[in-house]
Amino acid sequence: MPGLVSCPGGLIVIGILSLCVVHISSEIWSNEVSDVQYGSLGSSVTLTCGGAQHGSPVHWRHNGSTVQFRHTHTSNGTLILHNTTRSMEGNYSCHNQRGVLLQTIRLRLGHSPGYLNVSCRVPSHFIIHCFWTQRVTTHLPTNYITTYSVNDERAQHCKQTSMDVNECTINNHEFWKPKCLVNITEVNPLGSNSTIIYVDVQKSMKPHAPEAVTALEVPGESTRLLVQWNFPQSWPVMAGLPLKFELQYKPVGSNYWSKLETEDTSVQIMDALESHLHHIRVRAQDALINYSQWSEWSQVVQAQPWSDPLVTAEVTTDEPFDFPIFPSTFPVRATEKSPDLPPSENGSLGLLITLGLFAAVMVAVVSSVTTLLWIRNRRRDNVTKQELTSMVKMKSLPV
C-alpha cells in the first residue's frame with residue numbers, strides 16, 4: 001500500500017497542516033510580551049526595536065496587524081507614535097525583512113499622578129481614618145505611600161489594611177497632640193505626587209453612632225418609654241472620656257421631633273403620646289469638646305407606650321399630626337354625649353320656648369307704645385306753652 005507522502009492528496013494535506021502550524025506558532029510568539037513600556041496620553045511615544053541591526057529595515061505590527069495610527073519610522077528601527085490615545089495601547093512587535101520576530105513591547109498609556117482628594121475622620125481620641133480619591137484618573141498601576149507627622153516630629157507610617165482600598169489608619173494616636181499632618185504620595189510609572197493635609201483632631205472628632213438602641217414600654221405608665229443604648233465600639237470607654245447623647249422621638253406620622261440630652265446610656269421619655277407608635281433615634285458627641293462633630297444617627301427603632309389591656313377603644317396611629325412638638329403629657333379624651341330626651345319632654349321644651357318668645361315680643365310692643373305716647377305728650381305740652389305766651393303778649397299791646 002503506497003505511503004501518504006507518495007500520494008498527491010497526502011502531499012496537499014501535509015502542506016495545509018504545515019501552514020497551520022507555522023501560523024499558530026507565529027501567533028503564540030507574537031503574544032509573548034518581553035517588555036512593558038508606559039507613555040503619557042496626548043504625547044509622542046517612541047518604541048525601540050532592541051533586536052534590530054543598525055540600518056536594517058524593520059516592520060512594526062500592532063496586535064498582529066500593520067500599524068494604522070499616525071506614526072514615524074526612523075532609520076535605526078524605532079517607531080514614534082504621535083498624539084497618543086487609549087486606542088493605541090496594546091502589543092507592538094517588530095520584525096525584520098524575513099518576518100522574523102525581533103522584539104515585542106506592551107504599551108500602556110495614561111497620566112502622571114495629580115493631587116488627591118483626601119479626607120480624615122476621627123472616631124475617637126486614639127484613631128484617625130484617612131480616605132482619598134484621585135482627581136486625575138491615571139489609567140496606570142498605582143501605589144500609595146502613606147505617612148503622618150505630629151509637631152514636626154519624624155514621619156510615621158499610616159497603616160493600609162489593603163493596597164486595593166484607598167484608606168489608611170493611624171492607631172494609638174497621642175490624644176494630647178491635637179494636630180497632625182497626613183501625607184499621601186501617589187506613585188505610578190510616569191512619576192509621583194504628594195498631597196499633604198492638616199488635620200485638626202479635635203474639630204474632626206466625630207464618634208461612630210450609638211449601638212444596640214432599644215426602646216421598651218414602662219408597665220403601668222401610658223406616656224413613658226425607656227430607651228437604652230451602648231457606646232460605639234470604637235470609643236475608649238475605659239479611658240474615662242465621656243460622650244453626650246441626643247435622643248429624638250416622634251409619633252409615627254408626625255413631621256416634628258422632640259429631643260432629650262444626657263450623658264447616660266439610658267433615658268425615660270416622659271411625654272410619649274398615649275397608645276401611639278413612636279420613632280426613636282440617638283446620636284453622640286464628645287462631651288469635653290463642644291465644637292467637635294455629632295455622630296451620624298443610629299438606626300431608628302419603634303416602640304409604643306404601655307396601654308391598659310382592659311381598654312377596648314381602638315386608637316388610630318397612622319394619622320398625620322399637625323402640631324409642631326408635643327410637650328403635653330395629657331391625653332385628649334372625648335366628652336361623653338348627653339342622654340337623649342324622651343319625646344314628651346321634647347314637646348314641653350318646645351312649648352316653653354314658644355311662650356318665652358311670645359312674652360318677649362309682647363314686652364317689646366308695650367315698650368314701643370309707651371315710648372310713642374311719652375313723645376306725643378311731650379310735644380303737646382310744648383305747644384300749650386307757646387299759645388299762652390302768645391296770648392300774654394297780645395294783652396300787653398295798647399288798644
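Below or above, wherever it landed, is the structure these notes cover. (Residues numbered from 1 in each chain as written. Predicted model: local features only at pLDDT ≥ 70, side-chain atom pairs only at ≥ 80, totals over all residues. Heavy atoms only, no water.)

**Some words on the state of the cysteines**
Enumeration over the complete set of coordinates arrives at three disulfides. A sulfur-sulfur separation of 2.0 Å characterises the disulfide bridge that pairs C49 with C94. The disulfide joining C49 to C94 has a torsion of about 75° about its S-S bond and is therefore right-handed. Highlighted residues: C49 in the loop between strand 2 (45-47) and strand 3 (59-62) and C94 in strand 7 (residues 90-95), separated in sequence by 45 residues. Each of the two residues, C49 as well as C94, counts as buried. (Disulfide = S-S within 2.5 Å. Helix = DSSP H or I, 4+ residues; strand = E, 2+ residues; numbered from the N terminus. Buried < 20%, exposed > 50% of the residue type's maximum accessible area, 1.4 Å probe, protein only.)

**Here's the deal with unusual backbone geometry**
We note that N83 has phi near 45°; this positive angle belongs to a residue other than glycine. On the secondary structure map, N83 appears in the loop between strand 6 (79-81) and strand 7. Judged by its relative accessible area of 46%, N83 falls in the partly exposed class. The phi dihedral of A212 is positive, around 55°, even though this residue is not glycine. Tracing the sequence through the fold places A212 in strand 16 (residues 211-217).

**Remarks on the sheet that holds strand 11 (residues 143-149)**
Taking strand neighbours across the sheet as the criterion, the four strands line up as 12-11-14-15 in an open arrangement whose pairing is antiparallel. In the strand order of this sheet, the two ends are held by strand 12 (156-157) and strand 15 (191-200), each with one partner. Here strand 11 runs beside strand 14 (residues 179-188); their pairing, made up of seven bridges, is antiparallel. Residue T146 lies in a different strand from strand 14, and its bridge partner there is I184. (Pairing = 2+ DSSP bridges.)

**A closer look at the nonpolar core**
Ranked by size, the top nonpolar core spans 39 residues in total, and within it V182, V227, L247 and I280 carry the most contacts. Not counting the four nearest positions on each side in its chain, I280 is found in contact with A215, L225, V227, L247, Q248, Y249, I269, Q299, V300, V301 and A303. (Core = buried A, V, L, I, M, F, W, Y, C linked by side-chain atoms within 4.5 Å. Contact = heavy atoms within 4.5 Å.)

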